[in-house]
Structures are given as C-alpha cells and as structure tokens.
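Here are the chains, one letter per residue:
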Amino acid sequence: MGMENFNGGLKPGEEWVTHLAWYGESSSDDGIKCEVHPAKVSSYGIWEKVLMNKVGLHFWQYRLPNLELVILLLFILWQFLHILLKKLGLLLNVLLTFSGDKSIIQEILFPKDRIDIPGCLGSFGFVIFWFLKGVKMDVKRVFKVGAQARLAGVASVTFSIIVGLLLYKLTSAANRPLKSIEYNTILIMESLTSFSEIARLLRDLDMNHSSISRVALSAASVSNMVGLMFLLGMNSLGLPSKIEGVRLLFEMSFFIIISFGVLGPIMYKVIKRKRDGRPIEDKYLYGILVIVSLASMFWDYLEQFPAFGAFFLGLAIPNGPPIGSALVERLESFNFGIIMPLFLSATMLRTDIKTWKDSLTFFSGDDKKFAVASLVLLIFLMKLIVFMIIPYLYKMSLKDSFIFSLIMSHKGVIELSFYFFSFGLEVLSRDSFSILVLSIFLNSVLIPTMVKFLYDPSKKFVCYQKRYLASTKNIGELKTLVCIHRPDHISSMINFLEVSYKSDECPLTCYVLHLVELQGQEVPSLVSHSVKKLGVQTGTKHSENVILAFQHFNPYACSSISIDTFTCIAKLNHMQEDICWLALDKAVTLIILPFHRTWSLDRTTILSDNEMIRFLNANVLKQAPCSVGILVERHLVNKKQGSQQNIQVCVIFVGGKDDREALAYAKRMALQENVTLTVLHLLASGNSKELTGWDQMLDTVDLREVIQSNDAGVLNQKSSITYLEQEIVDGTDLSVLLRSMAFDYSLFIVGRTCGENHVATKGIENWCEFEELGVIGDFLASPDYKSDTSVLIVQQQRTVANK
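In this report, the structure presented in the accompanying data block is examined. Small disclaimer: the values here were computed from a predicted structure and weren't measured. (Residues numbered from 1 in each chain as written. Predicted model: local features only at pLDDT ≥ 70, side-chain atom pairs only at ≥ 80, totals over all residues. Heavy atoms only, no water.)

Some words on helix H18 (residues 398-408)
For clarity, the threshold we go by: With a 1.4 Å probe rolled over the protein chains alone, any residue whose accessible area is under 20% of its type maximum counts as buried; one over 50% counts as exposed, and the rest are partly exposed. Helix and strand definitions here come from DSSP, where helices need a minimum of 4 consecutive H or I residues and strands a minimum of 2 consecutive E residues; each element is numbered from the N-terminal end. Residue contacts are defined here by distance: any two heavy atoms, one from each residue, within 4.5 Å place the two residues in contact.
Those residues of H18 that fall on the buried side of the exposure criterion are Ser401, Ile403, Phe404, Ser405, Leu406, Ile407 and Met408. Those residues of H18 that are buried lie in contact with helix H10 (195-204), helix H11 (211-237), helix H17 (367-393) and helix H20 (430-454).

Spelled out as structure tokens, the structure:
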C-alpha cells in the first residue's frame, strides 16, 4: 500500500512515529499508545498525491472517507439484497474469506490498528433501535391481554428455562461443555420471544390484522417482559458475591423506577402544555437523545447490555402523538436504513463461517459446538410445542395453531445484537457465537417461508352468506359501515344517512369507523366506543369530534337508526383489513367510503387529492365481504327536520349486478319522505329488447317492480318514482345527456360497472381516470363535469364462498 514504500526506508523504532504522523494514532513495540487530537479525518485531496507521489495514504484509509465508503457499500448491498432477507453481512463475510487478509476490501472494512468508526456508529444506531423499540411498545398492553395470550407468553418462557436448567443440573460438571454463564445466556435469549421481531415479521408477511396476529402480538409482549425479568434476575443472582448481586439488582430497579416515576410524568406534562396539533419542539427531542446516551452509558457501567437502558427509557415515554410519533418519524427511517446496516454487517463479519460446517455435522468431535446447536434446537422444539398446544386448547384450529407457533418461534436482530454484545464481553466464544448467528440466519429464512406457504390471506374475509341489498327486501333492517378520514367527511356522511332511513319498519344500523394513521406505535388497534375495551382512552382522544357528532345525530333520528362508533388506528396501507374485518364481524350489508377528493364550498374546485385514500378504497373494493359504496360529495345532501324540501335522486341504469344493487339502495331511499326517485334506463339504440341472458332477466324483474310500483303497491304510497327510458347511440350521446341533467338532481346513484362494454360508453371509456368509480361514475365525478350533484357509486358483493 502507500505506506509500505514509505516505511521501507525507516528504522524499526521510527515506524510508529510515521504511523502517528499519518494515521493520527500508533502503538510502539514497548506497548506505548499515542493519539493525535483532533484526529485527521480526511486527506489533503489531489495535492497529496501530486506532491507526495507514492508516499502517504490511500483516500479510503482516512476516517471520514472510510466511513462514507462503508456506508455506501452497505447501502447498495442492503437494497440489492432486500429480497434475500437483508443478510448482506454474510455476503461480505464470504467476500473477505475468499479475498484474503491483504485485499482492499479487507483494508476498507477492517483498517489495521485503527478505531472502528463504522462499527461505533453502528452500535449507536443499534442503541437508538432499542430505544425506538421501547417507544413503540405499549407497556400497559402486557397487563390487559387475554388469558390465551398471557398463558402462552408465560408458559413458553418458564417451561423452556426450567427444562434447560434441569438438564444442566442433571449433567455432571465434568461432562458440561459450556460454562454456566454461557449456557444461561443462550438459554434465556432462546426462550424469550421478542415483541418487535414478531411485529416486524407480521408486518412483512402482511398478517398484521389477522386473528392470529392479534394473539401473537399479545403473547409476544408478555413473553418479552417475562424473559427480560428472568434475564435481569439471573444476571444479578449469577454474580459470585451475593452483595454485588443485590447491589446490581437495586441499581437496575432504581433506574427503571426513575424512568417511569420521573421521566414519564415529565413527558406527560410536556404533552399537556402543547395545544392539539402542535408539534413537539426540537429541544425536547434533542434532550431525550442525550438522556438515551446517558442511560446506555449507565447500563454499560453496570456491565449490562447498554441497549437495555435505552429500551426501558423508551417504554417510559408516551407512545403515539406527539412525542412518540415525532421520535419515530425523525429517527426510524434514517437509523434503520443507513446506520443499522453498519451494526448488522459488523456482527456478521465477526462470524467464523468455517465453524458452521462442524456444527451441521452431527458427530463433529467438538462437544461444545454440538452442545450449542443441540440447546438451540431443543428450546426451539419446546417453544413450538407450547405455542401450538395452548391456542389449540382455546379452540384455535390445528393449522392456525401451528402457524402461530412458527411465528412465535421467530428470531432476528434483537437476539443477534445481544449475542454480539455477549461475544464482545467474552461471555460467548467465537465458535458459539458463529453457531448462534447461523441458527438466527436459518430461522429468519425458513420460518417466513413456511408461514407464507401455510397461511392463505385470501380466506381472511371469506363470507358464506349473501350480503348485498338486491338479495334483501326493501323493508327490514339495513346494516351499514360508514368510514371517516377527516372532519369534513363527518357532515357528508351524516347528511347522506339522513335520507337513507325512514321509520321503525325500515331501521338503519350504522357502524361509524374513524380511520386514524398509526404513528409512534408498533401495534394497530380497533377500539369500540360503546363497549369499553383495551385502548379506549387512545381511541377517544383521536375520535372525540366524530363521537360527539354522531351522538347528536342519534337522538334526532330516534329509534329508526342505531349508531355504534369505532376507531381504527393502523398504517394507511393496512386499514382496509380492519374495515373488512369489522364488516364481516357485524354482518354489514353495505360499506360506505368517502371519495379521495375534496371539493371547495362552491363544489367546483378540488381542494385535496389524497392518493392513500384512493389506494384504500381500491383495496376495500377487492376484499370486502359485502357491497361497497363510494360517496363523491359535492353538494350537501340534506333532509332537515321539519323541512319540506324535496330530494331529487336519479339512478342511471344500464344493466348488471352493480346496477341492480344501486337500484335496490335507491328504492330504500324512495321510502323516505320528500325523496323523489328517477330511474333512467339507458338502451342501446336499435337493439332488440329480447332477453338474451340471465343478467338481463334479473334486470327486467327489478325494473318491472319499479314500473309497476304505484299500481302493485310494492313501495310506499308516499314515495314518488319516475321511470324513464333513453336510447343512446354512443358515448358522445351519453355525454350530452348527462350534461343536460347536471343540475336537475341532488344525488346520482350508479353501479360501478355501469356501462362497461356497452354502446352507451363507446368513445368515453378510454378516458376513465378512476377505475374504482367505473366509466359513468368517473364521468360524473370528473372536474370537467360542471355540477354540484353528489354521486354514489355502488359495487355489489363480489364473491360468496360455498360452505
């Protein structure tokens, strides 16, 4: 390298002086270590090479360029190997093994006689990772979980530890290949289940809102806490001196009490002093980071895992907005995407992959390696059995119980980090550490693959009943689920519901779901405000205006309408699962979603266009176990009490199941006083009216009821229904017709597939911007359609499973 030519002409005693001049640090033969402060972090640029020629350092040997190169290399590999479970450190280890000790890669990643700057930064990033892990975890959840999750969480830890300790005690001292402290470390870390790892696995597998995940997250939170208590207790009691053990236990308890008894209340006072919606000032966030660093240093002083200090501190900080969400938003993406790869790669680079072959050979001749591998496998099997038996006893199916046990046996970065810390303290040998890394690597690869193979997400919202309006009578109870995103959706939905009910003979049961983005927390929640459940305080805080608005609406509606409010706190890309699950659980017939666009007061200008709401609506249309309606609100559809104002509703009917569903809902609205319904049937010009298929026969039956309604008395005599037929030549003809009706009605109701593959939409179907609205629905909701008329687009239940 560059220094080799320079050092060739120096006397042996002078070499360390040269290293000190260039590297900023050096060690002499007699053990004297010297450093230059401030250290030289970067080169002199191109002039260094021009003036010094071969003398000097390569640019990657300076601290700052070296750190930047390592970050760049790991970032590229991290993204490139994302599909391969982000195990980039293993690849680097293999590269180093084949490249040799004097390669450029070896010199960049492991500078000789230098402080490991990337490793230090990675360790700091990992402390922040544990801190955020605590911030996103709700410690109150541990005390409120169900009996099934509590029993599974406690039994898995205690059973594995008791069996492991008995095996160790029954083995004679001469036949114990592992030391007591090494054995206990492996035993406890393999026995507990990390809450954050389970939450991340469920999120990666898109299982966050399944019934299995709810039990898994609760059981993991219990197992995590019980395992930590075992770990801290055994660390204290395992010291040679009982006095030192008691002192250590007192110091750790004192830190936890100060965190929850002093820092927690201070944070709550900071929150109360902030007005709603105001962000937390940066000085509080910086102060918290300083305290996190001091907490980690304190636990390091106690010769315990430093990240525990950050974790317990995170538990004491209120999760969710404004402090918890601000910390997660500021730190998580950068920390996990840029800094954490440095730590994970440093861990894998210190793994001796040559020992893996021996550990996989049953009779390798090395009792220690075999003992570590056997212990890991034994605890894994015990946890698998416990986590499968307990849910099965609580009436979970055998297949779901097995999937649950696989999920709860997952290992990842949490266990890897603790083993890395133990290896640094020389609690674990290099061979034991390498075998444990191999076990975590295999676990993180095989378990997600097996769960994906066994778990079928398409069956989450399978419905075995017909839940659509066209299959029910016009009278009788109608169950709807109304979704609210923003405050302006409240008045829209209330006004729409006012014209959707009539009297006691046609009641409306309405479930109102307020959708709130999950911030600063790990676990999504669905909160009922009529029945006090876990997390009701959090839900009430977010949904107070929604609850009050619908409480005032309920007395006005009297006994004709029943309202129940919920709050869904989840990630935006998973909210559809809570919507569909609630609709399935409550046997809802129609889900009503707000359109993703919001208009101005004059209903002619678009104020907001939220693509995430559009993405959510599209997912609900695909997964819903019942019919779905999307309300495009331009004009306040309102029937005020005592008002004689007539509400004009128009159904545009072309044919098909979605059009029949739209007509069924409109006929229910026509039962309401002061609602006038017009059914506009579009016919292809020149086509025969003979029935040619089952759909057309069903269309004719429904339309015949409308045509003969007044004579047959099918509908209430107070209702007013007009039936119109209009022949259409092409899309241009339809466009002219719809524009002529722009200000004649208060509400249009159309089927989502209305006009698809029909001559009526020929020429305009290619201009459809929003597929979720259909061709005609998209035309009516377009900004080019100058109207203040609201639109309801209806999709009938797509599939009914066979029993």
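Describing the pattern of salt bridges
What counts here: Salt bridges are counted wherever a side-chain nitrogen of Lys or Arg sits within 4 Å of a carboxyl oxygen of Asp or Glu.
For the coordinates displayed, the defined rule picks out eight salt bridges. Arg214 is the partner of Asp578 in a salt bridge, and the nearest nitrogen-oxygen pair spans 3.3 Å. Placement of Asp578 in helix H23 (residues 575-585) and of Arg214 in helix H11 is noted, with a sequence separation of 364 residues between them. Residue classification places Arg214 among the partly exposed residues on the basis of a relative accessible area of 29%. Here Asp282 makes a salt bridge to Arg330, at a shortest N to O gap of 2.8 Å. Residue Asp282 is found in helix H13 (residues 282-301), and its partner Arg330 is found in helix H15 (residues 323-349); the two are separated by 48 residues along the sequence. Residue class for Asp282 comes out partly exposed when judged on its relative accessible area of 31%. Several salt bridges converge on common partners, so that one network encompasses Glu611, Arg614 and Glu772.

A short note on the environment of Phe255
Of note, Phe255 is situated in helix H12 (residues 242-273). Sequence spacing of Phe255 and Ala295 is 40 residues, and the spatial spacing of their C-alpha atoms is 8.5 Å. Contact partners of Phe255, with chain neighbours within four places excluded, come to Ala295, Phe298, Trp299, Gly309 and Phe312.

Here we look at the nonpolar core
As a reminder, the rule being used: In this text, buried Ala, Val, Leu, Ile, Met, Phe, Trp, Tyr and Cys residues form a nonpolar core when linked through side-chain atoms within 4.5 Å.
Grouped together as the largest cluster of nonpolar side chains are 107 residues, with contacts concentrated most on Phe308, Leu327 and Ile407. With 12 residues, H11 is the largest single contributor of residues to this core. Those residues in contact with Phe308 that sit more than four places away from it in its chain are Trp130, Leu228, Leu231, Leu232, Trp299 and Phe418. The next biggest cluster of nonpolar side chains, apart from the first, holds 52 residues, and it includes Tyr511, Leu682, Ala781 and Ile793.

Some points on unusual backbone geometry
Within the chain, Lys395 stands out as a residue other than glycine whose phi angle is a positive 75 degrees. Summarising the element assignment, Lys395 is placed in the loop between H17 and H18. With phi around 55 degrees, Ala587 is a residue other than glycine that occupies positive phi space. Relative to the helices and strands, Ala587 is located in the loop between H23 and strand S7 (590-594).

Focus on the packing of aromatic side chains
Cut-off, in case you're wondering: Centre distance within 6.5 Å is the pairing criterion for rings of Phe, Tyr and Trp, where only the six-membered ring of Trp is used; planes under 30 degrees apart are then read as stacked, over 60 as edge-to-face, and the remainder as tilted.
Summed over all chains, the structure comprises 23 aromatic pairs. Ring geometry for Phe255 and Phe298: centres 5.8 Å apart, planes at 15 degrees, overall stacked. Within this pair, whereas Phe255 is found in helix H12, its partner Phe298 is found in helix H13, the two being separated by 43 residues in sequence. The exposure class of Phe298 is partly exposed, given its relative accessible area of 29%. A centroid spacing of 5.8 Å and a plane angle of 55 degrees characterise the contact between Tyr745 and Phe748, whose relative ring orientation is tilted. Neither residue differs from the other here; Tyr745 and Phe748 are each classed as buried.

Re a nonpolar patch on the surface
What counts is decided by this rule: Think of a patch as exposed residues, more than 30% relative accessible area, with no salt bridge, where like charges cluster within 9 Å and nonpolar side chains (Val, Leu, Ile, Met, Phe, Trp, Tyr) cluster within 5 Å. For accessible areas, the Shrake-Rupley method is used with a probe of radius 1.4 Å. Any residue's cover is judged against the shown protein chains and nothing else.
Taken together, the side chains of Leu151, Ile385, Ile389, Leu393 and Tyr394 make up a nonpolar region of the molecular surface, amounting to roughly 490 Å² of accessible area. With respect to the helices and strands, Ile389 occurs in helix H17. With relative accessibility at 44%, the residue Ile389 sits in the partly exposed group.

Some thoughts on the environment of Lys452
As for its placement among the helices and strands, Lys452 is situated in helix H20. For Lys452 and Ile403, which are 49 residues apart along the polypeptide, the C-alpha to C-alpha distance reads 9.4 Å.

Quick notes on the sheet that holds strand S5 (residues 525-528)
Convention followed: DSSP-based pairing: two strands are paired if at least 2 bridges between them are found. Think of each axis as a best-fit line through the C-alpha atoms, taken over the contacting stretch in the case of a helix, with angles from 0 to 180 degrees between the N-to-C directions.
Ordered in space as S5-S6-S4-S3-S7-S10-S15-S14-S11-S12-S13, the 11 strands form an open sheet in which the pairing is mixed. Strand pairing shows two members of the sheet lacking a second neighbour, S5 and strand S13 (720-728), which therefore form its edges. Strand-to-strand twist across the sheet, computed as the mean angle between neighbouring axes with direction ignored, equals 20 degrees. In this sheet, S7 lies alongside strand S3 (residues 478-484) in parallel orientation, the contact comprising three bridges. Of the residues in S7, the one forming a bridge with Val482 is Ile592. Seen against the sheet, helix H21 (residues 488-498) touches S3, strand S4 (508-517), S7, strand S10 (627-632), strand S14 (747-751) and strand S15 (790-795) and runs at an angle of roughly 160 degrees to S3. Set on the sheet, helix H24 (residues 611-623) makes contact with S4, S7, S10 and S15; between it and S7 the angle comes to about 165 degrees.

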